[in-house]
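Working through the structure, step by step
Here is what each chain is made of, one letter per residue.
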Amino acid sequence: MTIWGKLGGASVGLAVGGPLGALVGGIAGHFIIDVPFGRPADPQAKSLAFTIGVVALSAKMAKADGVVTPLEVEAFHEVFEVPDDEMANVRRVFDLAMGSVAGFEAYARQLADIFADAPEVKEEVIDALFHIAKADRAVHPNERAFLREVAAIFGFSEAEFAAMEARHLAPGKGDPYLALGVSRQASNEEITKAWRRLVMETHPDRLIGQGLPPEAIRLATDKLAAINAAYETIRAERTAGR
């Protein structure tokens, strides 16, 4: 059974616990209330938490700007490769999250706890939400405010959030220095060091080991491309300026 098929199982809700587990339990008809959650060591349990978390936060973000567009649905399919016969479970999680009395903060805090030692995975959650939010060619102010609050709950600074946002701007319009999280006054060595660190943190194998499900690996691939593009832009600018 794929990760998507497991979304309909009560045992998954019990394993994940907390507000995210309650969503999955609701699908199976078992409403889980106040089930404690910890930091699962099992990579598959982490992958399930990541998946449920992105679906739930996507639902809450859709509620923030008041509409779910076909382009946003398509963008979700670009983030996650969901088989047609298992899309129903995803839709049920989405609908339950949208109508849930739990605020998005509860879902974000649970993810922050589960991935406390894996900031790169929490960043992938933000990347997934950005990808969906920008699908209709513009990030609504309410969506941006939502994303900033989720990033803050995850423990990211304003500067770190700005770097994430910069990597999602249209090619050629973003600040490559901001995308790499460095200043324009940084030396070539400092820029290369920052680039190498980001590449290492974004490597798909590393992210899967930390809890990113293989179904979402396109996130890492796209992010890696944006990081490399920013680095090459800076190199070209500095070479031309010699």
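Residues numbered from 1 in each chain as written. Predicted model: local features only at pLDDT ≥ 70, side-chain atom pairs only at ≥ 80, totals over all residues. Heavy atoms only, no water.

1. Some remarks on the packing of aromatic side chains
The line we're drawing: Centres within 6.5 Å are what make two rings of Phe, Tyr or Trp a pair, Trp counting through its six-membered ring; a difference in plane orientation under 30 degrees is then read as stacked, over 60 as edge-to-face, and the rest as tilted. Only DSSP runs of H or I with at least four residues qualify as helices, and only runs of E with at least two residues qualify as strands; both kinds are numbered from the N terminus onward. Partly exposed residues are those whose accessible area sits between 20% and 50% of the maximum for their type, while under 20% is buried and over 50% is exposed, using a 1.4 Å probe and protein chains only.
Under the definition given, this model contains three aromatic pairs. Relative to Phe 146, the ring of Phe 104 has its centre 4.6 Å away and its plane inclined at 45 degrees; by these criteria the two rings are tilted. Pair noted here: Phe 104 is in helix α6 (residues 104-114) and Phe 146 is in helix α8 (residues 141-153), with a separation of 42 residues, a long-range link. The residues Phe 104 and Phe 146 share a single accessibility class, namely buried. Consider the rings of Trp 195 and Tyr 231, whose centres lie 4.1 Å apart with planes at 5 degrees: the pair is stacked. Taken together, the residues Trp 195 in helix α11 (residues 188-202) and Tyr 231 in helix α13 (residues 217-240) connect sequence positions 36 residues apart.

2. Re the pattern of salt bridges
The following threshold applies: Here, a salt bridge means any side-chain nitrogen of Lys or Arg that lies within 4 Å of a carboxyl oxygen of Asp or Glu.
Scanning the entire structure with this criterion turns up 10 salt bridges. A salt bridge links Lys 223 to Glu 123; its shortest N-O distance comes to 2.8 Å. Of this pair, Lys 223 sits in helix α13 while Glu 123 sits in helix α7 (residues 119-133), placing them 100 residues apart in sequence. Here the two residues Lys 223 and Glu 123 agree in accessibility, since each one is buried. Residue Asp 127 is joined to Lys 223 by a salt bridge in which the shortest nitrogen-to-oxygen separation is 3.8 Å. Note that Asp 127 is positioned in helix α7 and Lys 223 in helix α13, a separation of 96 residues in sequence.

3. Some words on the side chain of Glu 120
Heads up, the condition is: Under the rule applied, a polar contact is a pair of N or O atoms within 3.5 Å (in protein, one hydrogen donor and one hydrogen acceptor; residues adjacent in sequence only if both atoms are side-chain atoms).
Positionally, Glu 120 belongs in helix α7. Its relative accessible area of 7% is what places Glu 120 among the buried residues. Separated by 3.1 Å, the side chains of Glu 120 and Arg 206 make a polar contact.

4. As for the environment of Leu 57
Heads up, the condition is: We call two residues in contact when some of their heavy atoms are within 4.5 Å.
Checked against the element boundaries, Leu 57 lands in helix α3 (residues 43-65). As for Leu 57 and Glu 105, which are separated by 48 residues in sequence, their C-alpha atoms are 9.1 Å apart. When near neighbours in sequence (up to four residues on either side) are disregarded, Leu 57 contacts Phe 104, Tyr 107, Ala 108, Leu 111, Val 125, Leu 129, Phe 146 and Val 150.

5. Describing the side chain of His 131
Within the secondary structure, His 131 is located in helix α7. Not counting the four nearest positions on each side in its chain, His 131 is found in contact with Ala 75, Glu 78, Val 79 and His 168.

6. Quick notes on the nonpolar core
Short version of the rule: Among buried residues, the Ala, Val, Leu, Ile, Met, Phe, Trp, Tyr and Cys ones that are joined through side-chain atoms within 4.5 Å form a nonpolar core.
Grouped together as the largest cluster of nonpolar side chains are 52 residues, with contacts concentrated most on Phe 50, Leu 57, Phe 80, Val 125, Val 150 and Phe 154. Here this core gets 10 residues from one element, more than from any other, and that element is α3. Those residues in contact with Val 150 that sit more than four places away from it in its chain are Leu 57, Phe 104, Ala 108 and Ile 126.

7. Remarks on the packing of α7 against α8
Two numbers describe a pair of packed helices, the interaxial angle and the distance between the axes. Note the following rule: To define axes, lines are fitted to C-alpha atoms, for helices over the stretch in contact only, and angles between the resulting N-to-C directions are given on a 0 to 180 degree scale. Comment on the angle field: the value is read as roughly parallel under 35 degrees, roughly antiparallel over 145, roughly perpendicular from 65 to 115, and oblique elsewhere. When residue character is reported, Ala, Val, Leu, Ile, Met, Phe, Trp, Tyr, Cys and Pro are called nonpolar, Asp, Glu, Lys and Arg charged, and the others, Gly included, polar.
Interaxial distance between α7 and α8 falls to 11 Å at its minimum, and their mutual angle equals 175 degrees. Accordingly, the angle class assigned to the pair α7 and α8 is roughly antiparallel. Residues Ile 126, Leu 129, Phe 130 and Ala 133 of α7 touch α8, and the partners they reach there are Glu 143, Phe 146, Leu 147, Val 150 and Ala 151. Split by residue class, the contact of α7 with α8 holds eight nonpolar, no polar and one charged.

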